[in-house]
Amino acid sequence: MVVAFFASTLLAVVALKVMPVWFTPLMFIRAAQHISDGEMPRMHHRWVTLEEISPEMPVAVMASEDQRFLIHHGFDFDAIQKAVKRNMKAGKKKYGASTISQQTAKNVFLWPGRSWLRKGLEMYFTTLIELIWGKERIMEVYLNSIEMGDGIYGVDAVAQYHFGKTAETLSRRDCALIAATLPNPRRFSSKEPSKYMRKRQRQILKEMKFVKWKDTK
């Protein structure tokens, strides 16, 4: 069973290095939640290549989520140490330090949750995709698979349903606003942004000035 597990997971990671990720576990979980609530399931998603996405979008998500994405190997230990210190002082509110690589591994291969088993598997898959996929592919899958609204997955879907555009034609401000919702895209909307979202957008736009993508790969 152990050999079968490692062989099957390795094969899956190798296959998805080149194959589009059409569906993720979270997509089916959300669809089931819609049905249980008596609603029609919503799943808006269209895979696009990294070349079909505005080059400002990777910069925006790095500025918002993981500024050391290009230099770490899947885990940002400095951010983890800071999160631990903040959590010791924060009481009930918990701060995370998941990198874009970790979020991608979780979105594509795992289910939502905070168990030690899921965290261990997340570390395992994060290591695999860092070794096998590389940064460009991780970013491409991340931008195509991440939840960006209720029933909306990936940057092309959110561009269409919230901005009336394609992923390729998103402006720098659009990308910053989308990135501002990512801590909780079902609570924060890029279609009808609150004052808080606009403030986050301005902060991310400032941070984007210090983040490089194409020039530093």
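The structure presented is a predicted model; accordingly, all values stated were derived computationally and were not measured. (Residues numbered from 1 in each chain as written. Predicted model: local features only at pLDDT ≥ 70, side-chain atom pairs only at ≥ 80, totals over all residues. Heavy atoms only, no water.)

Brief notes about the overall build of the protein
Cut-off, in case you're wondering: Only DSSP runs of H or I with at least four residues qualify as helices, and only runs of E with at least two residues qualify as strands; both kinds are numbered from the N terminus onward. Only C-alpha atoms enter the radius of gyration; for comparison, a globular chain is expected to reach 2.2 Å times N to the power 0.38, where N is the number of residues. Under the scheme applied here, a residue whose accessible area is under 20% of the maximum for its type counts as buried, over 50% as exposed, and between as partly exposed, the area being computed with a 1.4 Å probe on protein chains only. Only the protein chains shown count as cover for residues, and the accessible areas themselves come from Shrake-Rupley with a 1.4 Å probe. Positive charge is attributed to Lys and Arg, negative charge to Asp and Glu, and no charge count is given to His or to the chain ends. A single reference atom marks each charge: NZ on Lys, CZ on Arg, CG on Asp, CD on Glu.
Check the secondary structure of the protein and you find ten helices and three strands. Secondary structure of the protein in N-to-C order comes out as α-α-β-α-α-α-α-α-β-β-α-α-α. In terms of overall dimensions, the protein is globule-like: its C-alpha atoms have a radius of gyration of 17 Å, near the 17 Å expected for 217 residues. Projected onto the principal axes, the alpha-carbon positions of the protein cover approximately 50 × 40 × 40 Å. Of all 217 residues assigned to the protein, the portion counted as buried reaches 45%. Summed over its atoms, the accessible surface of the protein is roughly 12,200 Å², and 59% of this surface lies on carbon and sulfur atoms. Here the protein carries 34 positive and 21 negative side-chain charges, and the mean point of each set is 9 Å from the other.

A word on helix H7 (residues 135–145)
For an α-helix, 3.6 residues make a turn, and residues three or four places apart therefore share a direction. Within H7, ten of the eleven residues are buried, which leaves it mostly tucked inside the rest of the structure. Those residues of H7 that sit buried are Lys135, Arg137, Ile138, Met139, Glu140, Val141, Tyr142, Leu143, Asn144 and Ser145.

Let's talk about the environment of Arg68
Note the threshold: For this analysis, residues touch if any pair of their heavy atoms sits within 4.5 Å.
In this fold, Arg68 is placed in the loop between helix H3 (56–65) and helix H4 (77–90). The sequence separation of Arg68 and Phe28 amounts to 40 residues, and the corresponding C-alpha distance is 31 Å. Those residues in contact with Arg68, other than ones at most four positions away along the chain, are Asp76 and Asp78.

Describing the sheet that holds strand E1 (residues 44–45)
To be explicit about the condition: Strands pair, by our definition, only if DSSP identifies at least two bridges between them.
Pairing is mixed across the open sheet formed by three strands, whose spatial order is E1-E3-E2. Each edge of the sheet is formed by a strand with only one pairing partner; in this case those strands are E1 and strand E2 (147–149). Across two bridges, E1 lies against strand E3 (residues 152–153) in parallel orientation. Of the residues in E3, the one forming a bridge with His45 is Tyr153.

What about the nonpolar core?
Which entries qualify depends on this criterion: What is meant by a nonpolar core is a set of buried Ala, Val, Leu, Ile, Met, Phe, Trp, Tyr and Cys residues, joined one to another through side-chain atoms within 4.5 Å.
Ranked by internal contacts, the top residues of the largest apolar core, which has 53 residues, are Met57, Val61, Phe109, Met139 and Leu143. Mapped by element, the contributors of at least two residues to this core are H3, helix H5 (100–109), helix H6 (116–132), H7, helix H8 (155–163), helix H9 (172–181) and helix H10 (195–208). Residues in contact with Val61, not counting those within four places in the same chain, are Asp66, Ile100, Met139, Tyr142, Leu143, Ala179 and Leu182.

Here we look at the packing of aromatic side chains
For any pair of aromatic rings, the description rests on two quantities: the centre-to-centre distance and the angle between the ring planes. Stated precisely, the cut-off is as follows: Here a pair means two rings of Phe, Tyr or Trp (six-membered ring of Trp) with centres within 6.5 Å. Their orientation is stacked below 30 degrees between planes, edge-to-face above 60, and tilted elsewhere.
For the structure shown, the criterion picks out eight aromatic pairs. Between Phe109 and Trp133, the ring centres sit 6.1 Å apart and the planes meet at 40°, which makes this aromatic pair tilted. With a gap of 24 residues between them, Phe109 in helix H5 and Trp133 in the loop between H6 and H7 connect regions that are remote in the sequence. Looking at Trp133, the relative accessible area reads 5%, which means it is buried.

Some details on the packing of H3 against H10
Selection criterion: Where helices are involved, their axes are fitted lines through C-alpha atoms of the stretch in contact, as for all axes, and angles between N-to-C directions lie from 0 to 180°. Relative orientations are named as follows: roughly parallel for angles under 35 degrees, roughly antiparallel for angles over 145 degrees, roughly perpendicular for angles from 65 to 115 degrees, and oblique for any other angle. In this classification, the charged set is Asp, Glu, Lys and Arg, the nonpolar set is Ala, Val, Leu, Ile, Met, Phe, Trp, Tyr, Cys and Pro, and all remaining amino acids, among them Gly, are polar.
Close contact between H3 and H10 brings their axes to 9 Å; oriented N to C, the two are set at 105°. With respect to H10, the axis of H3 lies roughly perpendicular. Within the contact between the two elements, H3 uses Glu56, Val59, Ala60, Ala63 and Ser64 and H10 uses Arg200, Ile204, Glu207 and Met208. The residue inventory of the contact of H3 with H10, partitioned by class, reads five nonpolar, one polar and three charged.

Here we look at the pattern of salt bridges
Filter applied, for reference: In what follows, salt bridge is the name for a side-chain nitrogen of Lys or Arg lying within 4 Å of a carboxyl oxygen of Asp or Glu.
The tally for this structure, following the rule as stated, stands at 13 salt bridges. Glu122 serves as the salt-bridge partner of Lys119, at 3.2 Å between the closest nitrogen and oxygen. With Lys119 and Glu122 both in helix H6, this residue pair falls three residues apart, about one helical turn. By relative accessible area, which is 29% here, Lys119 ends up partly exposed. When its relative accessible area of 2% is taken as the criterion, Glu122 is described as buried.

Let's talk about helix H2 (residues 25–36)
Note the threshold: Multiply 1.5 Å by the residue count of a helix minus one, and that product is the helix's expected span. As used here, the arc is the angular range of directions from the helix axis to the C-beta atoms.
The terminal C-alpha atoms of H2 lie 17 Å apart, and with twelve residues this matches the ideal 16 Å at 1.5 Å per residue to within 8%. All of the buried residues along H2 are Leu26, Met27, Arg30, Ala31 and His34. Down the axis of H2, the buried set is contained in an arc of 135°. They therefore lie on one face. The outward face of H2, more than 90 degrees from its buried face, is lined by the exposed residues Ile35 and Ser36. Where H2 is buried, its residues meet E1, E2 and E3.

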